[in-house]
Structures are given as structure tokens and as C-alpha cells.
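This is what each chain is made of:
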Amino acid sequence: MASTEQLMIGGGPKYVQMQSEAEAEAAPSDFPSMASSFFSFHHHNFPGGESPRIFYELPKATIVQVSRPDAGDISPMLLTYTIEVQYKHFKWDLVKKASQVFYLHFALKKRKFIEEMHEKQEQVKEWLQNLGIGDQATAMQYDEEPDDETVPLRGDGSARNRDVPSSAALPIIRPALGRQHSMSDRAKGAMQGYLNHFLSNIDIVNSQEVCKFLEVSKLSFAPEYGPKLKEDYIMVKHLPKILDNAEDRRCCSCQWLCCCRDNWQKVWAVLKPGFLAFLKDPFDPKPLDIVVFDVLPASDGNGEGRVSLAKEVHDHNPLRHYFRVTCGTRSIKLRTKSNAKVKDWVVAINDAGLRPPEGWCHPHRFGSFAPPRGLIEDGSQAQWFVDGSAAFEAIGLAIEEAKSEIFICGWWLCPELYLRRPFHAHASSRLDSLLESKAKQGVQVYILLYKEVALALKINSVYSKRKLLGIHENIRVLRYPDHFSSGVYLWSHHEKIVIVDHQICFLGGLDLCFGRYDSGEHKVGDHPSQIWPGKDYYNPRESEPNSWEDTMKDELDRLKYPRMPWHDVHCALWGPPCRDVARHFVQRWNYAKRNKAPNEQAIPLLLPQHHMVIPHYMGKNKEIESGENSDYGNHKDVRRNDSFSSLSSFQDVPLLIPQEADGPDAVKIEPKLNGFNPLHDLHGQTSRLSRNPFFFGKSKIEPLIPDMPMRGFVDDHDTLDLQSEMSHMKQTGLEVSEKEWWEIQERGDQVVSADEIGQVGPRVSCCCQIIRSVSQWSAGTSQNEESIHSAYCSLIDRAEHYVYIENQFFISGLSGDEIIQNRVLEAIYRRIMRAHNEKKCFRVIIVIPLLPGFQGGVDDSGAASVRAIMHWQYRTICRGHNSILHNLYNLIGPKMHDFISFYGLRTYGRLYDGGPVASSQVYVHSKIMIIDDRTTLIGSANINDRSLLGSRDSEIGLLIEDREFVHSSIGGKSWKAGKFAMSLRLSLWSEHIGLHAGEVNQIRDPVIDSTYKDIWMATAKTNTTIYQDVFSCIPNDLIHTRVSLRQCMSFWREKTGHTTTDLGIAPNKLESYKDGDITGTDPMERLKSVKGHLVSFPLDFMCKEDLRPVFNESEYYASPQVFH
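Here we summarise the structure given alongside this text. (Residues numbered from 1 in each chain as written. Predicted model: local features only at pLDDT ≥ 70, side-chain atom pairs only at ≥ 80, totals over all residues. Heavy atoms only, no water.)

**A look at the overall build of the chain**
In step 1: For the chain, the helix and strand inventory stands at 23 helices and 35 strands.
In step 2: Sorting the 1124 residues of the chain into buried and exposed places 58% on the buried side.
In step 3: When contacts within the chain are restricted to residue pairs at least 6 apart in sequence, long-range pairs at least 24 apart make up 73% of them.
In step 4: For the chain, the exposed surface amounts to about 45,200 Å²; the carbon and sulfur share of it is 50%. (Helix = DSSP H or I, 4+ residues; strand = E, 2+ residues; numbered from the N terminus. Buried < 20%, exposed > 50% of the residue type's maximum accessible area, 1.4 Å probe, protein only. Contact = heavy atoms within 4.5 Å. Areas by Shrake-Rupley, 256 points an atom, 1.4 Å probe, with all protein chains shown as cover.)

In C-alpha cells:
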């Protein structure tokens, strides 16, 4: 053929002939000559003058199908091509008409022509300036096509040798009657050839025109956001003004602009499995808005079934095409330019919202937003921490390793908190110092604080916010809610969360604030100050600080008042559960930002990350092997198809049941390091042995390199095999201490050796599910989620042998209780009655604070809140027809104590060397439940209506079902106990009843009489008696009225010379009668018989008093819901 373009004229219309095979083979050789600056006009305002790129290597496209709307219509312009595109490990399908390919071709030609003209104008301008004839030349103006998504030109490169494929390469062929099948094959080959032409040059591929054609953006190939779904330009109305071009505001195909003068703007929409984001254009990674998918209501209220995430909206104007996206409290109306696009978007969005395994718009087990994780080998792991010293050390290490971002959510946060003690030796461990160091390294820190009602609480969140914002610009803080605008005064944000790089998450009962740091010793004194500086020496029963301006100044006199020791339980998470918690944080952050700072650019919207286990995306990448000898920190390559393998998401999903030890799939217990080698960090560099108790996960923000393209798709913890770890330690001459940080998890088939009872648990693979309490006010959801409440009730009902609970409150109701709405108590009552009727052994052990942790003595005029909480707890436990002990006693009599019992914690010590001996309750702030040594629930939720109903306080929790089991016994019979649950129970019980090395086996069986009665109950009774003899401390079972309380307080204060709120100061000598003489003994001698901290809960304390607020107390006029 003589020319590269030739019109083929026949009896019908004119068509452009596809070039010959020889020409097709020669043509690609021309494309490498295209200069890298071919499309220099992507954007004109990027740093360094560099054009942004979406593709960093060439994508591949394959025509998989050619179709026609009517088999009898042979017009090539009506052909529709299905194109499969692959870029790295992403695959997606495009459906394009021949007309769209035509438009792409001429748009590229038009751009090339315009840029060449622009360059020539610049040359003329320079020539005229050199001649001194003129200072400037008029730039050529042109008008954009209505649907041409381009940006201003930038003429900073040569336009020569920038040839786009010629018209001869267009995939249009001459029709041939009677040869329809042949024509489709020829059209398929023609289109394939054309795609190969323009996809062979990296600069053409990165042009706006081609990126729009391929439907890609800067978010398309970020692996942390999941697979590529649908993308395109759409019109929005709810966003602030973005563009000024009237053409960009055109909302439909009509040519009358007057119908579009209503603030509609064109944005690029990106659909991912968990969200819908709106960008200014495909090259801008910062979202203008984001809709995070959440559980939809089961009914729309009109009897039309479950609410759809996206729904088509019909308009009286046939040229306007709408659809609506509804999620949570948001309902956004969107436009496209055709009805076909509306249908495509509606189908794609609804499919994404229900896509397994997450199916974010569908409720999962217990009604949770998050599915159960760890049912397969997906990297779900957990590790427990008892008390603040262990948890804060771990959190500090994680923050130090942060590379990208840190999320912190808390009820109370103190920037001056030291995460390591003694604080004099760890100045750099102060929270504000740690965050400042990371912020200066470029780590983005996002902090959500509860905005308290200042008259009710003294946590002073405004001080914390100002202090944090003054550290560095990379630290962003939001306080929520605004009480007046939201109308929320009674409820709080109660979660305690720290998330680092979406790799490791901490949650539980510990806020990063004063008073929480403690160890298993639970010391009552610290003089001179070594452990608790300033206001961290904390006892809310005595005094709450009125000012936080000088945090290092003591609030309490350390010579007179004990601190209140703090008992808590926290947890670390890795894998998909960590990202589920991060999703909760993102949802709350975005909701608070829209309500508090919608137009503040410094506070960005956040995107939730997605967990993917889709091996077909992995290609030829390095496979993760899973065999018998692989460490449980690695992940198995689980084969799944494009639609994911569906997981059951309803409450009937069974709990994990271990297989018998002698079965073919018996659990194989092998000794492994706890987490990872404490001698090495993630990159094999030497690290501090004593400061790496567990593994933090791989850094998230490393550059995406060709040999590791799946960063973020599957957790890659790179946990090393035990043999190689031990081999390295032998080579380096270092040994692992068996007593430090639980570095060795087990000995043989026992989960805990006698010398390993500590405050840090083993890091184990497990089945995890995130549960929470949220509602419209707290997270912007469309309905209340009370999955924590549902989990409590369901797990108790399924318990086989025992339920162990530690909680800050215990306020619940039986069936028929019209005041208290949560039914944890009803679940316990029914389970006990079932065990009684079946004549089976069943234990319920509940540990709660001896007194509420609020300021004021029980009889003080300003302590109505303390008495009110006591009223509701005693109403739940033992007083009145709504209490569980009252109802059980009526049916089974005194034997009820064989089934259920209540306890508290207390400790003692000297306030300073040679000082008075003091006692204080150990404030139980943990929120845990352990069932049958297999299932554990840890979180921030108390057992009361505030935490469990969902519509009140916001909470987060974690349900852990063990997958790794060890030999144990329950009820005298062999039992497969879970590593996580059993190790946590043994640690807690050993601390509570004071077991030493070699004694842990005494409590391995939790329900037999030799454990429950002879050790647990006997220890509590003995300790209670000793504390009563030495301190006559408050509360106790001997005081039934306020009159007797006043008499007791007066007598002991006069005797000891101290005015502590709950007594607790021992006399110098204990008086006793012997042979008719009064003798004095050192109180410390008597206290040596105390074992651990367990004491009986005083069921008869103030039993003859009505503890509810009275009319002359302000609490009388507050809603009773505040207290329960």
C-alpha cells in the first residue's frame, strides 16, 4: 500500500482499512522513538515540574470478546469490545464501543497538534523578543469537547517525534455481507493491534485521555485499598466549588447550559471494596470526599426490603440521569451522562458493598460490622498484656517503629505520660516526645479525643488538644462530640485504641493517661517519686486534679495518701482484625471531621485499608509457603476465586471447636519464639533484647518495588523459623532469658511453665472478630450496633464449664426488667439454671471494683454519684427482686454460691520507708471475659447499659477464639485448652491469689473444688479477714447503715490520725488480748499472711440504706441512665 492511510470506497459507507500485517509489524518500531516528554501536559502545578504518573510500567490489554447489539446490524461503529487489562497484579475488564476508541484516537491527535502549535508559538515569541519587536505573543485558545477530561497544557518539551498511531491503525474494517463471524474476528484483531500501539509507550499510557479510557487513577493500584473496581467521571453537587470551567459543570448531554446552573461539578469516582472516593481528577490522590461502607438497615421502613447502598433515581427530565448512594446518615445524589452508566454504577456499588468476605453492608455474626477473621490462615494474631507497665512498654515500642501513620483514640489522653519507668531514666518515652520524634520523621499522627462535659469530668481534653497540636504540624487532633450542636451530653467516646501503620493495633481497657501505669505488685506508695511523677500519682477516690497546667506537680500528699493501684488488661492485634479496628477509627474520624471541620484542609479525610487474600493477583511473585514447619507468623496461600469464598456471617456461625488430640488433624504444638526474634528488628539489624518483646509487622511505606508488588495485600511478617533463630543466638553467644517477656511460649504441651507467669502473653494465631457499640451520634451509622452486647449473651449461653469476668461495672437486668435493658445478667441466670437442672458443675466468677472510682467518701454530701452506682450494682447482684442472687436463692438456696461468686482486689504497703502502712482497693478497670479456657473477650466496654446498648457510649472490643490448643483438664477430665485464653487466665489468677513459681498447676483446672473452693474462695476469705482486722477498711460487710459508717470512720480516723476517704491506714500497733493483757504487734506481721490481692466483694455493705440520690442532690435531677 503506497500510503499509510487510504479510504476504501465500496457500495456502502466509507470505512478506514486496517493496515496490512507487514505495516502492523513495522509500526511498533516507531513508538520507542517517542520522546519521554510526549505528554508533558498532564498537570502544570506539580512539584519539580514533573508530570504525575499512574503507570510505572506498561499495562497489557487483551480483547476477549466482540459483540453487537443486533446480529443483523453489520455496522462496525456499533461493535462493543470487552477488554481485559492487566497491570502488575491487578486485572480488570473494560467494555468499550468503537466510537469511544475513535474519540480516544482523535483526542490524542488533537492534543499532539495543539502542543505542537503551542511550541511553535513559543519559538515565535522567543524570536520576536530577540529581535526586540515584541514582548509576547498571543497564545492560541481552543475549546474543549464536553466530554474531554483534559487539563491545561504545559509547553516545556519538544513536540517532535511524538507520533500517535495514525488513522490507518484504527480498528475499523470494511463490512462484508454474509461473513459476520469473520468480521468479528477481524475486528477483534484490529482492536488488539491498535491497543498494542498506544499501550507500548509509557508517556502515552500516562496521558489523561488514556487513563480515562482505561478507567484508572492514583488510587487504582495502591494495594492497601484492595482490588481495582469501577472508576469514571461523575457529577456531584454536595461538594464545595472545585472547577470554574462551565463545560465541566455540564451534567447531561443537552446543549442548554441553563439546566446545569445548579452547582453540579465533575469529579473522578473511585470504587473500592470498602468505600467510594471522589477525586478532583485521576492524578490527584487526595480524596475530596469518601463514603465508607457500613451495615445497612434490614428494612427501609416502607416494606420494600433491605436498603440498597446505591439506587437509581428517576427524573422528569429524560436527559438527566441520577443515582443515589445511601450509607449511614449520608445520602448523596450523583449524576452521569447516560442511563447505561447509572445502571453500571448502581450494580458495581451494590456488589462492592456486599462483596464477601467482608460484605461491609451486611451484618456479620453478633450483628458486627466486621466478619470473623482467622477462619483461614490470614495472619490474624493476638497477644495479651496484664496491667499498664507491660502494655505501655509494647505501645511505646510500636510507636518508635512507626513509618507511616499512627491512629490514637481515647477517652482520656495525657501528653506527659511516660510509657516506661522509672521516668527519670526514660525521658524519651514520654508520649509527647515520642509523637514529636515520629512527626518530625514524616509520620502522620491522627488523634481522636472525647470532648467531655467540663462540669461533669476533669479530664481537660482541650488542654491535651492544645498541647498535642503545638508539637508538630503532622499531628492532627479532633475532639468530639460538640455537645450543643449534636445534642449529646450524657454519652462518651470510650474506646482505647492505638494503631500503627495498619500493622499492629492495641485495644482494651487502658487509656494513655495518668493513673493507669501499674505492675503486678500494685504498689500504694512512691516516695521519693520514681515511678509516678506529679499527677500520675493518682487516686480519684481522694481528689481529682482541678488543673492540668502543671502536670509534674503533685496533687496528693505522698506522705499521707496512698495512690489507687490500677488493674487492667490490654491486647495487641495483627492482621485483618487490626485493619478492622483501623476501619472503625477511619469511620469515626471522617464523621467527626465532617461535623467539626468540614472545610479545614489541614484535617484530611482518611481511607480505610482493605485486607486481601487473593492469590491469583500474586502472579509469579514470591509465594508464601505454609507447611508443618512454617512459623505461625506466616500466611498460607489460600486459593480463592474472583468473587472470594463466602463466609457465613450470621450469629449461627459456630465457635471453633478443637479436634481431638489423637485425631488425624490433631494440633501439633511446637516450641516457637514469642512473636519474633528479640535480637533483630524487621530488617535483620541488631536490636535491644529487653525492648523487643513482640513483633510489630512489616513497615508499610516502603517503595513498591518489582520483586515485592503485593505489599499490603497479605501480611508479610517474615517471622523466622525457631531453629534458625536459635542457631543465630548460639552463633552470637547470646541466650534468651526464660523469665523475660515470655520469649519462650511453652514447655512441651503446657502453655505456661511455672517460671513464666508474667504480664505479657504469647503471640498466637487465633480466630478474631471485632465487635463494637456505635450509633448515629458516635459514628454516623444508620442504626445502632450492639455487637458487644450480643457477643456477651451468646458466649455465656454457649459456655460449657465456666465464665470468668473482670469488669469496671456490673449493672445488668433480668428478663422483664424495664429499667436496665442489657441482658448479660439474664444470660448468666439462664446458664446457671440449666446447669442446676442438669446437675452439672458450672462456675461464674466475677471480679469488680470494691467501690466506684470517683471522688468522695460513701457518706460524703458530694458523693451522690458514688452511691448511685453502688445502688445499681447491688440491685444487679443481691438486692431486690431484680437481682440474680435473690432469684437464684429462691430456687436453689445456699447452693447458689457453688455456681456464682463476686470478688474485688485489695493491696497494701508502706507509703515510704518507715512510713505508715496503707491499704487501697486495686481498681479493677479491665473489661474481659474468659470462657472454658478457649474463648476470650477483651475491650473497652463495661457491663452496663451505657456501654452495651450501642446508642450510648461508643466502645470497641475483640472476641478471640483459640486455634492453638494444649493439653489441660476441666472438671477432672481431659480438655483441649486454648493458648491465649488459658495463659491469660493463669496469669490473672496467679496474680490475684499470689501463686509463686511451681504452684501454677494447682489452678490449671478452674472448676474442680480443690481450685474453686479450696484455693480461690479460701484465699479471698482469708485475705478479707486480715484486711478487716488490720485496717477496718471501707467497704466491709459489718457496716449496714450510714450511721454505723460515720461511727466507724470517726473512730478510726481519730485512732490513726489520718483522714483518708476509705480509711486504709493501719495503726502503728495492732492491739490484741493475750492472757488478759493487751499486746501490740506490727501490722506488717499480720499482713504477711495475705496472698495476692483477691478479697470477697462486700455483699452486705450499706444493705439497709437506699443509695439513690435524694431531692436535695443535683444527681437527683439527672437522668438515671447516666449511672447505668
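**Here we look at the pairing of strand β31 (residues 965-970)**
In step 1: For β31 and strand β32 (residues 973-978), the ladder comprises six bridges, and the chain directions are antiparallel. Note that in β32 the partner of F965 across the bridge is G978.
In step 2: Here β31 hands over to β32 after two residues, with G971 in that stretch at a positive phi of 65°. (Pairing = 2+ DSSP bridges.)

**Remarks on helix α15 (residues 824-837)**
Note: α-helices contain 3.6 residues per turn, so residues at a spacing of three or four share the same orientation.
In step 1: With 14 residues, α15 should cover 20 Å at 1.5 Å per step; its first-to-last C-alpha distance of 20 Å lies within 8% of that length.
In step 2: Of all the 14 residues making up α15, ten are buried; the element is thus mostly covered by neighbouring parts of the structure.
In step 3: Every buried residue belonging to α15 is among V824, L825, E826, A827, I828, Y829, R831, I832, M833 and A835, and all of these are buried.
In step 4: Backbone geometry just downstream of α15 places K839 in the positive-phi region, at approximately 55°. (Expected span 1.5 Å × (residues − 1).)

**So, the sheet that holds strand β5 (residues 90-97)**
Sheets are built from strands paired through backbone hydrogen bonds, the pairs being either parallel or antiparallel.
In step 1: Taking strand neighbours across the sheet as the criterion, the three strands line up as β3-β4-β5 in an open arrangement whose pairing is antiparallel. On the outer flanks of this sheet lie β3 (60-67) and β5, each paired with one strand and no other. The average undirected angle you get between the axes of adjacent strands in this sheet is 20°.
In step 2: As defined by bridge partners, strand β4 (residues 80-87) adjoins β5 across eight bridges and the pair is classed as antiparallel. (Axes fitted to C-alpha atoms, helices over the stretch in contact; angles between N-to-C directions.)

**Topic: the sheet that holds strand β9 (residues 287-292)**
In step 1: Taken together, seven strands build an open sheet; the order of strands is β9-β8-β7-β6-β12-β11-β10 and the sheet is antiparallel. Two strands close off the open sheet at either side, each with one partner strand: β9 and β10 (310-313). The average undirected angle you get between the axes of adjacent strands in this sheet is 35°.
In step 2: Where strand β6 (residues 231-236) lies against strand β12 (residues 330-336), two bridges are found, and the strand directions are antiparallel. Among the inter-strand pairings, M235 is bridged to a residue of β12, identified as R335.

**Some thoughts on a nonpolar patch on the surface**
In step 1: The grouping of V1110, F1111, Y1116 and Y1117 at the surface amounts to a nonpolar patch, some 490 Å² of accessible area in total.
In step 2: One can find V1110 in the segment after β35 (1094-1096).
In step 3: Overall, the relative accessible area of 38% leaves V1110 in the partly exposed class. (Patch = residues over 30% accessible without salt bridge, like charges linked within 9 Å, V, L, I, M, F, W, Y side chains within 5 Å. Salt bridge = Lys/Arg side-chain N within 4 Å of Asp/Glu carboxyl O.)

**So, the pattern of salt bridges**
In step 1: This structure, assessed with the given rule, holds 42 salt bridges.
In step 2: D482 is the partner of K596 in a salt bridge, and the nearest nitrogen-oxygen pair spans 3.2 Å. Taken together, the residues span a long stretch of sequence, with K596 in helix α11 (residues 576-596) and D482 in the loop between β16 (475-480) and α10 (483-486) at a distance of 114 residues.
In step 3: One salt bridge connects E495 with R588, and the closest N-O pair in it is separated by 3.0 Å. Of this pair, E495 sits in the loop between α10 and β17 (497-500) while R588 sits in helix α11; the two residues are 93 residues apart in sequence, bridging distant segments of the chain. The exposure classification of E495 matches that of R588, with both residues buried.
In step 4: Several salt bridges converge on common partners, so that one network encompasses D289, R330 and R594.

**Remarks on the packing of helix α7 (residues 388-400) against helix α8 (residues 431-440)**
In step 1: In the contact formed by α7 and α8, the axes pass within 10 Å of each other and the chain directions differ by 20°. It follows that α7 is roughly parallel to α8 by the angle criterion. Regarding α7 and α8, the two cross each other, and that crossing is left-handed. Contacts between α7 and α8 involve G396, I399 and E400 from the former and L431, L434, L435 and K438 from the latter.
In step 2: Among the residues forming the contact of α7 with α8, the class breakdown is four nonpolar, one polar and two charged. (Parallel < 35°, antiparallel > 145°, perpendicular 65-115°, else oblique. Left-handed = near helix turned anticlockwise from the far one by under 90°. Nonpolar A, V, L, I, M, F, W, Y, C, P; charged D, E, K, R; others polar.)

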